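The lines below spell out each chain.
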Amino acid sequence: MEDPNDLHPEEIPGVRENLENNDAAAAAARIQQHLERENNVPLNIAITGEGGVGKSTFVNALRGMSNDEEGAAPTGVTETTEEVKEYPHPNYPNVKLWDLPGIGTTKFPAKKYLKLVGFEKFDFFIIISADRFRENDVKLAKEIQKMKKKFYFVRSKIDENLRAEKRNRHFSEEETLTKIREDCVHRLRGLGIESPQVFLVSSFELHLYDFSLLQQTLERDLPKNKRDALLFVMPNINPEIIIKKKKALKSTIICYALGSAAGAAVPVPGVSIAVDAVLLVGAVTHYVHAFGLDIPSLKRLSDRTGVPYADLRAVIISPLAAVEITAGLLLKVLTHVGRTTTLIVAEEASRFIPVVGIPLAMGFSFGTTYTILKSILNQLADDAQKVFERASV
């Protein structure tokens, strides 16, 4: 079956009919609704395991937040999660991480766990352990499997294990990691899990160990629309994620451009510019958030890495990063993007030409929007790479 996300914009339900009936305003509205729907695909991630294994810290890490930040999941050395608690991503509230109580606690016994937490709403489960995976973890995994949902084993607090092992005279990080992984896999097999895959993770250093492999595995297993939702909330822990984000965002430019062209088909001066402003503000805001170039995301990155916010801000070139995106700001920026001012004027003038005016205006509008968004996307992706490099120093 063809993935709806791979459809040409004119194949968005109703758009072709609207254009054939010369109802460009309706076509533009449908395209806008489609883009909003695709940018707000719900993704619900369950983080579970026994008490005190670092579930809340992992939730905060995936949201790009520190444990002591306002709105972060509460953490502690003992079990702090006493009920099912949702934590929306700060930039993408459609992506929710659910901090679940530890399995096997008095209020959430293993046999009734999935029913009590409402398993049906979750897209997949991440089962966390801070030492060895236990019988309750395996019981949970088997029940999740029966429900035909995906689950992943994450061995947390790897940084703490390595610090402890460094006291040994013949310490080897690679050997220690291999030993931990093999021990987890051996134990899970002994408890009845076939071919278990265990990801070693430090919630304080996501760029290390197996978190990248976990991200790639989730990306492979999810359907495309859910995959993009996950990708856009992922911290920029390596250059590959930035490249993937750019590619995913680039694939939607044609939809925005067609929406702009449909707006240009309305024979009323100024309507196309108004449609473009709405489309462009939405698109550019999405780009800035996905790359983590908004002010709150940059400040969180500064807090996590210790690199001053001013230093991160200093490497950014785009005037659309670390600011509030408004139609007024975009119009100022557009005057410096190639020949966009000329194209906008040509579009407005061409609509008054008999017979061929509206088709010409649509062509100008499509080309202008495509050129603008491609240029802005390229610059923001470059800035994201520069910020990543500065934060990694």
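So, a few notes on the structure that sits alongside this text. (Residues numbered from 1 in each chain as written. Predicted model: local features only at pLDDT ≥ 70, side-chain atom pairs only at ≥ 80, totals over all residues. Heavy atoms only, no water.)

### Here's the deal with the environment of Leu334
Here is step 1: Within the fold, Leu334 resides in helix H15 (residues 327-334).
Here is step 2: Leu334 sits in the buried class, given a relative accessible area of 5%. (Helix = DSSP H or I, 4+ residues; strand = E, 2+ residues; numbered from the N terminus. Buried < 20%, exposed > 50% of the residue type's maximum accessible area, 1.4 Å probe, protein only.)

### With respect to the packing of helix H9 (residues 224-233) against helix H10 (residues 239-250)
Here is step 1: Two numbers describe how H9 lies on H10: the axes approach to 10 Å, and their chain directions differ by 130°. One way to sum up the angle between H9 and H10 is to call them oblique. In this structure, H9 meets H10 at a crossing whose hand is left-handed. In this structure, H9 uses Asp228, Leu231 and Phe232 to contact H10, whose residues at the interface are Ile241, Lys244, Lys245, Ala248 and Leu249.
Here is step 2: Residue classes in the contact of H9 with H10 are distributed as five nonpolar, no polar and three charged. (Axes fitted to C-alpha atoms, helices over the stretch in contact; angles between N-to-C directions. Parallel < 35°, antiparallel > 145°, perpendicular 65-115°, else oblique. Left-handed = near helix turned anticlockwise from the far one by under 90°. Contact = heavy atoms within 4.5 Å. Nonpolar A, V, L, I, M, F, W, Y, C, P; charged D, E, K, R; others polar.)

### Some points on the nonpolar core
Here is step 1: Counting 77 residues, the largest nonpolar core has Ile47, Phe58, Phe211, Tyr287, Phe291 and Leu293 as the members making the most contacts within it.
Here is step 2: No other element matches the ten residues that helix H17 (residues 357-391) contributes to this core.
Here is step 3: Domain assignment of the residues forming this core places at least three in each of domain 1 (15-39 + 236-392) and domain 2 (43-233).
Here is step 4: Core analysis: the next-biggest nonpolar cluster, separate from the first, contains 29 residues, Ile103, Ile127, Ile144 and Leu188 among them. (Core = buried A, V, L, I, M, F, W, Y, C linked by side-chain atoms within 4.5 Å. Domains from an automatic or database assignment.)

### Regarding the environment of Asp131
Here is step 1: Residue position: Asp131 is located in the loop between strand E4 (124-129) and helix H5 (135-146).
Here is step 2: Sequence separation between Asp131 and Ser156 is 25 residues, and the spatial gap between their C-alpha atoms is 7.7 Å.
Here is step 3: Excluding its chain neighbours within four sequence positions, the residues that come into contact with Asp131 are Arg155 and Cys184.
Here is step 4: Separated by 2.7 Å, the side chains of Asp131 and Arg134 make a polar contact. (Polar contact = N/O pair within 3.5 Å; in protein donor to acceptor, adjacent residues only side chain to side chain.)

### Quick notes on the packing of aromatic side chains
Here is step 1: If you walk through the whole model with that rule in mind, you get six aromatic pairs.
Here is step 2: Ring geometry for Phe124 versus Tyr152: centroids 5.8 Å apart, planes at 85°, classification edge-to-face. Remark: Tyr152 occurs in strand E5 (residues 150-155) and Phe124 occurs in strand E4; sequence separation between them is 28 residues.
Here is step 3: Aromatic pair Phe133 and Phe153: ring centres 5.0 Å apart, planes at 70°, arrangement edge-to-face. One end of the pair, Phe133, is in the loop between E4 and H5; the other, Phe153, is in strand E5, with 20 residues separating them in the sequence.
Here is step 4: Through a chain of ring-to-ring contacts, the aromatic side chains of Trp98, Phe122 and Phe125 assemble into a single cluster.
Here is step 5: The ring of Tyr87 has Lys85 lying over it, and the distance from NZ or CZ to the ring centre is 6.0 Å. (Phe/Tyr/Trp six-rings, centres within 6.5 Å; stacked < 30°, edge-to-face > 60°. Lys NZ or Arg CZ within 6 Å of the ring centre and 35° of its normal.)

### A short note on the sheet that holds strand E2 (residues 85-88)
The strands that make up a sheet pair up through hydrogen bonds in the backbone, lying either parallel or antiparallel.
Here is step 1: Pairing in this open sheet of six strands is mixed, and the strands run E2-E3-E1-E4-E5-E6 from one edge to the other. The strands lining the two open edges of the sheet, one partner per strand, are E2 and strand E6 (198-200). Each adjacent strand pair in this sheet contributes to an overall mean axis angle of 30°, direction not counted.
Here is step 2: Of the pairings in the sheet, the one linking E2 to strand E3 (residues 95-99) comprises four bridges and is antiparallel in character. Within E3, the residue paired with Glu86 across the bridge is Trp98.
Here is step 3: In this fold helix H3 (residues 55-62) packs onto strand E1 (43-49), E2, E3, E4 and E5, with an angle of close to 150° to the strand it touches most, E1. (Pairing = 2+ DSSP bridges.)

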